[in-house]
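This is what each chain is made of:
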Amino acid sequence: MGISDQQGNHIVYYACKYTPLELLAGFGAQAQLAETDISSFDNADRLAHPNLCGYGKGLIERLLAPDVHEVVLITCCDVIKRSFDILVEQGNLDFCYLLDLPHRRGKAELNLFRSRLADLAQKYAAYSKRSFDVGLALAAFKPSIPRKDQRVTLIGAHATQALLNSVQNNLGMPVENATCTNRQLLLSPPPQLGRAASNSNCAGCEAEGEHGANQDKEGLDGFLDWYADALLNQMPCMRMDDVSLRKGLQHRDGQRGIIYHTMKFCDYYGFEYAEATENGSAPMLKIETDGSSQSAGQLKTRLAAFGETLRAATTPGGLSSVKATTEDSEKPVYVLGIDSGSTSTDAVIMDGQHK
């Protein structure tokens, strides 16, 4: 059995918000997001297909690092599946599991997902030689608390901590992570699970033997009955068939602007962005990265300009005054926008009627 760190702690690396972090916590494992903000893809270029996206290459690089011993991945897309195949082929990991996630959230899909979670629990218990503790699982649960502060919301594809820091530093205001990296469970644990946790830790209960094993199984079964539903029916990512709940990511109290993040060569979130620009009320900026740190320089200019726009919108004499002048005055109004990049400069001039 491998140990994830020198203190004997099990650390499981993951990449998707549908990863059963609380289930793994029930076995005493700590979850660590696999940051893909990698500067070079030496191993990935050698092991993977050249057309693999930057996010997949960064994920492979991170999970092949010597400090990684345990990995649980979700079948978000073909890139994750290919990354999993490479990790298994390399044979460097002590525990590597691919959890198949249903596209739909009906009763049949829920039962199927529960059985897959149970299979993961069985395999991780055999690997770690640890029993499931429902109390540890519930202690790892972090309820979603709606924010009301003045902030910018980052929506879309995976966001590394480096990207979140870059957005916040360049905008000069708090940033809410609503990407597919952030967990957003919508259901809270029922009271009976808390009582089950208390009973499993009572002084008169046997920790070993058949009685203790039965208690572990009962605690796991009861936990999975609730947990499969809570995990599958959280705020959906664009991989799901029904993504109507995602409209709630916009029009939130205190939301001053939206930054929509897409991944290069990935179409999952491009369609949502197109719809959001038509129906959204908050100022919006689209950014695209390849999952590496190579986009930092280009993002800095765009984020800084967007930050100036947001500040002007709430400053006396700022954009609100321009809007009033446009609506109330008969004089023609023209707005010039310039995007100056490393290889080209694009410009557009628009009048008060958006022509």
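Residues numbered from 1 in each chain as written. Predicted model: local features only at pLDDT ≥ 70, side-chain atom pairs only at ≥ 80, totals over all residues. Heavy atoms only, no water.

Caption draft 1: Spatial organisation of the packing of aromatic side chains. Inspection of the entire model under this criterion finds 12 aromatic pairs. Both rings, one in Phe141 and one in Trp226, keep their centres 5.9 Å apart while their planes meet at 75°; by these two values the pair is edge-to-face. In this pair, Phe141 is assigned in the loop between α6 (134–139) and β5 (151–156) and Trp226 in helix α9 (residues 209–232), connecting sequence segments 85 residues apart. (Phe/Tyr/Trp six-rings, centres within 6.5 Å; stacked < 30°, edge-to-face > 60°. Helix = DSSP H or I, 4+ residues; strand = E, 2+ residues; numbered from the N terminus.)

Caption draft 2: Local environment of the pattern of salt bridges. Using the criterion set out here, one finds 15 salt bridges in the structure. For Asp78, the salt bridge is made with Lys81, and the minimal N-O distance between the two is 4.0 Å. Highlighted residues: Asp78 and Lys81, both in helix α4 (residues 78–90), separated by 3 residues, approximately one helical turn. For Asp242, the salt bridge is made with Arg105, and the minimal N-O distance between the two is 3.9 Å. Residue Asp242 is found in the loop between α9 and β7 (255–263), and its partner Arg105 is found in the loop between β4 (95–99) and α5 (107–128); the two are separated by 137 residues along the sequence. Asp242 gets classed as partly exposed once you look at its relative accessible area, which sits at 41%. A single network of salt bridges, built from pairs that share partners, joins Arg114, Asp221 and Asp225. (Salt bridge = Lys/Arg side-chain N within 4 Å of Asp/Glu carboxyl O. Buried < 20%, exposed > 50% of the residue type's maximum accessible area, 1.4 Å probe, protein only.)

Caption draft 3: Layout of the packing of helix α3 (residues 54–63) against α4. Orientation of α3 relative to α4, taken along the N-to-C sense of each, is 30°, at an axis distance of 10 Å. In this view, α3 runs roughly parallel relative to α4, as classed from their interaxial angle. Once α3 is placed against α4, the crossing between them reads as right-handed. Where α3 abuts α4, its residues Tyr55, Gly56, Leu59, Ile60 and Leu63 lie against Val79, Ile80, Ser83, Ile86 and Leu87. Partitioning the contact of α3 with α4 into residue classes produces 8 nonpolar, 2 polar and no charged. (Axes fitted to C-alpha atoms, helices over the stretch in contact; angles between N-to-C directions. Parallel < 35°, antiparallel > 145°, perpendicular 65-115°, else oblique. Left-handed = near helix turned anticlockwise from the far one by under 90°. Contact = heavy atoms within 4.5 Å. Nonpolar A, V, L, I, M, F, W, Y, C, P; charged D, E, K, R; others polar.)

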